[in-house]
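# Structural overview for review
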Amino acid sequence: MVAAVYRHSWRHPSIIPGFGLALGITLFYLGLIVLIPLGALLLQAGGVGWEKFWVEFSAPRTLAAFRVSFGTATAAACINAVFGLLVAWALVRYRFPGRRLVDSLIDLPFALPTAVAGIALTSLYSDSGWIGSWLASLGVKVAFTPLGILVALVFVGLPFVVRTVEPVLQDLDCEMEEAAALLGAARWHIVWRVILPPLLPALLTGATLAFARAIGEYGSVIFIAGNMPGISEILPLLIVIKLEQFDYAGATVVATLMLAASFILLFAINLLQTWTRRRHGG
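Everything numeric here is computed off the predicted structure, so don't read it as measured data. (Residues numbered from 1 in each chain as written. Predicted model: local features only at pLDDT ≥ 70, side-chain atom pairs only at ≥ 80, totals over all residues. Heavy atoms only, no water.)

## Quick word on the pattern of salt bridges
Which entries qualify depends on this criterion: Each salt bridge in this description consists of a side-chain nitrogen of Lys or Arg and a carboxyl oxygen of Asp or Glu lying within 4 Å of one another. Put simply, DSSP marks the helices as runs of H or I at least four residues long and the strands as runs of E at least two long, and each gets a number from the N terminus on. Relative accessibility under 20% of the residue-type maximum defines a buried residue, over 50% an exposed one, and the middle range a partly exposed one, all with a 1.4 Å probe and only protein chains included.
Counting across every chain of the model gives eight salt bridges. A salt bridge links Glu233 to Arg61, with the shortest nitrogen-to-oxygen separation between them at 2.6 Å. Of the two residues, Glu233 is situated in the loop between helix H12 (219-225) and helix H13 (235-244) and Arg61 in helix H4 (residues 60-93); the sequence distance between them amounts to 172 residues. A relative accessible area of 1% places Glu233 in the buried class. Linked through salt bridges whose partners overlap, the residues forming this network are Asp103, Asp107, Arg163 and Glu166.

## Focus on the nonpolar core
Under the convention used in this document: To form a nonpolar core, buried Ala, Val, Leu, Ile, Met, Phe, Trp, Tyr and Cys residues must be joined to one another through side-chain atoms within 4.5 Å. Every residue pair with non-hydrogen atoms within 4.5 Å of one another is taken to be in contact.
Counting residues in each nonpolar core, the largest one holds 37 residues, and the members touching the most others are Tyr125, Ile149, Val221 and Leu235. When residues of this core are assigned to their parent elements, the largest contribution, seven residues, is made by H4. Aside from chain neighbours lying at most four places away, what touches Ile149 is Val68, Thr72, Val221, Ile224, Ala225, Ser232 and Ile234. Core analysis: the second largest hydrophobic core is formed by 19 residues, Val161, Val162, Ala180 and Leu199 among them.

## Side note on the packing of helix H3 (residues 50-57) against helix H14 (residues 248-279)
Convention followed: Between N-to-C directions, angles cover 0 to 180 degrees, with each direction set by a line fitted to C-alpha atoms, over the stretch in contact for helices. The scheme is simple: roughly parallel for angles under 35 degrees, roughly antiparallel for over 145, roughly perpendicular for 65 to 115, oblique for anything else. Residue type decides the class: Asp, Glu, Lys and Arg count as charged, Ala, Val, Leu, Ile, Met, Phe, Trp, Tyr, Cys and Pro as nonpolar, and the leftover types, Gly among them, as polar.
At a minimum axis separation of 10 Å, H3 and H14 run at an interaxial angle of 75 degrees. With respect to their mutual orientation, H3 and H14 come out roughly perpendicular. Only Ala249, Gly250, Val253, Val254, Thr256 and Leu257 of H14 make contact with H3, whose side of the interface consists of Lys52, Phe53, Glu56 and Phe57. Across the contact of H3 with H14, the residue classes break down as six nonpolar, two polar and two charged.

## Side note on the confidence of the model for the protein chain
Our working rule: pLDDT is a per-residue confidence score from the predictor, ranging from 0 to 100.
Per-residue confidence for the protein chain averages 84 on the pLDDT scale, and 92% of its residues sit at or above 70. Predicted confidence is poor over residues 1-6, with pLDDT under 50, and the contacts of this stretch with residues over four places away or in other chains come to zero contacts.

## So, helix H7 (residues 114-125)
We count it as follows: Under the convention used throughout, the expected extent of a helix is 1.5 Å for every residue step, that is, one less than its residue count. As used here, the arc belongs to the directions running from the helix axis to the C-beta atoms.
For H7, which comprises twelve residues, the first-to-last C-alpha distance of 16 Å matches the rise-based estimate of 16 Å (1.5 Å per residue) to within 8%. Ala117, Gly118, Leu121, Thr122 and Tyr125 are the residues of H7 that are buried. Seen from one end, H7 has its buried residues packed into an arc of 130 degrees, which puts them on one side. Summarising the contacts, the buried residues of H7 are in contact with helix H8 (130-137), helix H9 (146-171) and H12.

## Describing unusual backbone geometry
Backbone geometry at Asn227 places phi at a positive 55 degrees, although glycine is not the residue there. Note that Asn227 resides in the loop between H12 and H13. The phi dihedral of Phe246 is positive, around 60 degrees, even though this residue is not glycine. Looking at Phe246, the relative accessible area reads 63%, which means it is exposed.

## Points about the packing of aromatic side chains
Heads up, the rule is: The pairing test for Phe, Tyr and Trp rings, Trp by its six-membered ring, is centres within 6.5 Å, and the orientation test on the planes gives stacked under 30 degrees, edge-to-face over 60, and tilted for anything in between.
If you walk through the whole model with that rule in mind, you get seven aromatic pairs. Their ring planes at 50 degrees and their centres at 6.5 Å tell us that Phe70 and Phe211 sit as a pair that is tilted. Remark: Phe211 occurs in helix H11 (residues 187-215) and Phe70 occurs in helix H4; sequence separation between them is 141 residues. The same class applies to Phe70 and to Phe211, which are both buried. Taken together, a centroid distance of 6.1 Å and an interplanar angle of 15 degrees make the contact between Phe263 and Phe267 stacked. Here Phe263 and its partner Phe267 are both found in helix H14, four residues apart, which amounts to about one turn of the helix. Using a relative accessible area of 57% as the deciding quantity, one classes Phe263 as exposed.

## Here we look at the packing of H4 against H14
For clarity, the threshold we go by: Here a crossing is taken to be left-handed if its near helix is turned anticlockwise relative to the far helix by less than a right angle, and right-handed if that turn runs clockwise.
As a packed pair, H4 and H14 sit with axes 12 Å apart at the nearest point and diverge in direction by 35 degrees. Crossing angle aside, the handedness with which H4 passes H14 is right-handed. The segment H4 lies against H14, with Thr62, Phe66 and Phe70 engaging Val254, Leu257, Met258, Ala261, Ser262 and Leu265. Split by residue class, the contact of H4 with H14 holds seven nonpolar, two polar and no charged.

Given below as structure tokens:
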């Protein structure tokens, strides 16, 4: 059977030339940039031993860093999913003064160095900053708390959702909404039954990208987080601290645990995206 398929494919080559060469270059580049470094990390972690793995994983400082990193990343992804959809909707469906300026500002976190973003957010949300002083009068402290980490992750993750949802919104047929309105459907019913289903796969993709960016974010977080162990210390910072202390085995273990947890979560989200596309015929 396999031989027959192979002979058929050999006799009937693809319309697009160069598939074999393109596939080889793709696999080589993927292996060189992604698979080999990850394989080296796993190989080095394999020589540490299960006892070291368990000691590092069960350490209160490591568990607290896991809670902070993954908890704030999940919350930031959910917030960006909601407000990213609203921003994309406003940019696509409405024309207003300053729209092009707002549209260009969406990409600012992409171009802005993360350290600059961290310093700017810390200046704004510290107790003496423009926004932080007003929040402090209400009893809300942002800078040097997990809330500050959340603010930084929302800032860097918003463009992923907006730029992923925008093309789908532009291709969305408005006639379906008008037909539903003419048939007497309520506004929330139109949003829930007509608009959201085709947008859901793109929205999940954007939220996944924002989550992945938030998990590994470092530069914009360390300035506003306060970096207090057990309270506002993130996993990337914990890895850097262990490297500075020449604890290479501990840094390798924490990096491997972070890699495994991120892969499991992203794989589960990708399965959810696939199921959503099939359910809505995407």
